[in-house]
Amino acid sequence: MRGDFEDSPTRFPTGARAEQAAREICHRLADAGDPVVLEIRLRDGARAGRFLFPPFGGEPSRAWPLRA
């Protein structure tokens, strides 16, 4: 992860747990009104996925992030 995450762990037992934590952070930022791009990278640096989290628009049900 890239950013200021001093209050969060920077090591996770699995890649799936790291991705889950990153998505939770992205959802919170999008709920606060910030557009967010999440890039998932493998250990060798190859991109495994890229997700766009648009800012929350006030709809009662939030759509899943868009895969870019």
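A.B. asks: Explain the confidence of the model for the chain here, please?
C.D. replies: When pLDDT drops low, the exact placement of atoms in the prediction is not to be read closely. Per-chain confidence: the chain averages 79 in pLDDT, with 69% of residues scoring 70 or above. Across the chain, element-level confidence peaks in strand 2 (residues 47-53) with a mean pLDDT of 93 and bottoms out in strand 3 (residues 66-67) with 60.

A.B. asks: Got a minute to help me understand the nonpolar core in this structure?
C.D. replies: Generally speaking, nonpolar side chains in soluble globular proteins are found buried as a group. Judged by nonpolar contacts, Ala 22, Cys 26, Ala 30, Val 36, Leu 38, Ile 40, Phe 51 and Phe 53 together constitute the single largest core of eight residues. Among the secondary structure elements, those contributing two or more residues to this core are helix 1 (15-31), strand 1 (36-41) and strand 2. Not counting the four nearest positions on each side in its chain, Ala 30 is found in contact with Val 36, Phe 53, Pro 54, Pro 55 and Phe 56.

A.B. asks: Before we go on, may I ask you to explain the pattern of salt bridges in this structure?
C.D. replies: If charged atoms from side chains of opposite charge come close, those side chains can pair. This model, assessed by the stated rule, comprises four salt bridges. The partner of Arg 23 in a salt bridge is Glu 19, with the nearest N and O atoms 3.1 Å apart. One end of the pair, Arg 23, and the other, Glu 19, are both in helix 1, four residues apart, so they sit about a helical turn from each other. Classification of Glu 19 as partly exposed rests on a relative accessible area of 25%. Notably, a salt bridge pairs Arg 41 with Glu 39, separated by 2.9 Å at the nearest N-O pair. Accessibility expressed as a relative area gives 48% for Arg 41, which makes it partly exposed. Put simply, Glu 39, Arg 41, Arg 47 and Arg 50 are held in one network by salt bridges that share partners.

A.B. asks: Even after reading the chapter, I still don't get the pairing of strand 2, so can you show me in this structure?
C.D. replies: Consecutive side chains of a regular strand alternate in pointing toward one face of the sheet and then the other. Relative to strand 2, strand 1 runs antiparallel, the two being bridged by six bridges. In the strand pairing of strand 2, Ile 40 is matched with Gly 49.

A.B. asks: What exactly am I supposed to notice about the pairing of strand 1 here?
C.D. replies: The side-chain alternation of strand 1 yields one buried face, formed by Val 36, Leu 38 and Ile 40, and one unburied face, formed by Val 37, Glu 39 and Arg 41. Counting the residues between successive antiparallel strands, the hairpin from strand 1 to strand 2 contains five residues, one of them, Gly 45, with a positive phi of roughly 95°.

A.B. asks: Please explain the packing of aromatic side chains as it appears in this structure.
C.D. replies: Centre distance and the angle of the planes are the two values used to describe a pair of aromatic rings. Tallying each qualifying case throughout the model produces zero aromatic pairs. Residue placement shows Arg 23 over the ring face of Phe 51; its charged tip is 4.1 Å from the ring centre.

Conventions used here
All residue numbers refer to positions counted from 1 along the written sequence of the respective chain. At least 70 in pLDDT is required for a residue's local features to be given in this predicted model, at least 80 for side-chain atom pairs to be given and counted, and no such filter applies to totals for whole chains, interfaces and linings, which use all residues. Hydrogens and water are ignored here; the side-chain numbers use all heavy atoms of the structure. Each residue carries a pLDDT score, the predictor's confidence in it, ranging from 0 to 100. Every helix listed is a DSSP run of H or I at least four residues long, and every strand listed is a run of E at least two residues long, numbered separately from the N terminus. Think of a nonpolar core as a cluster: buried Ala, Val, Leu, Ile, Met, Phe, Trp, Tyr and Cys residues, connected wherever their side-chain atoms sit within 4.5 Å. Each residue is placed in one exposure class: buried if its accessible area under a 1.4 Å probe, protein chains only, is under 20% of its type's maximum, exposed if it is over 50%, and partly exposed if it falls in between. Residues are treated as being in contact if the distance between any of their heavy atoms lies within 4.5 Å. Salt bridge criterion: a side-chain nitrogen from Lys or Arg within 4 Å of a carboxyl oxygen from Asp or Glu. DSSP calls a pair of strands paired once it identifies at least 2 bridges connecting them. The criterion for an aromatic pair is that two Phe, Tyr or Trp rings (for Trp, the six-membered ring) have centres within 6.5 Å, with stacked assigned to planes under 30 degrees apart, edge-to-face to planes over 60 apart and tilted to the rest. Two limits define a charge over a ring: the Lys NZ or Arg CZ must be within 6 Å of the ring centre, and within 35 degrees of the ring normal.

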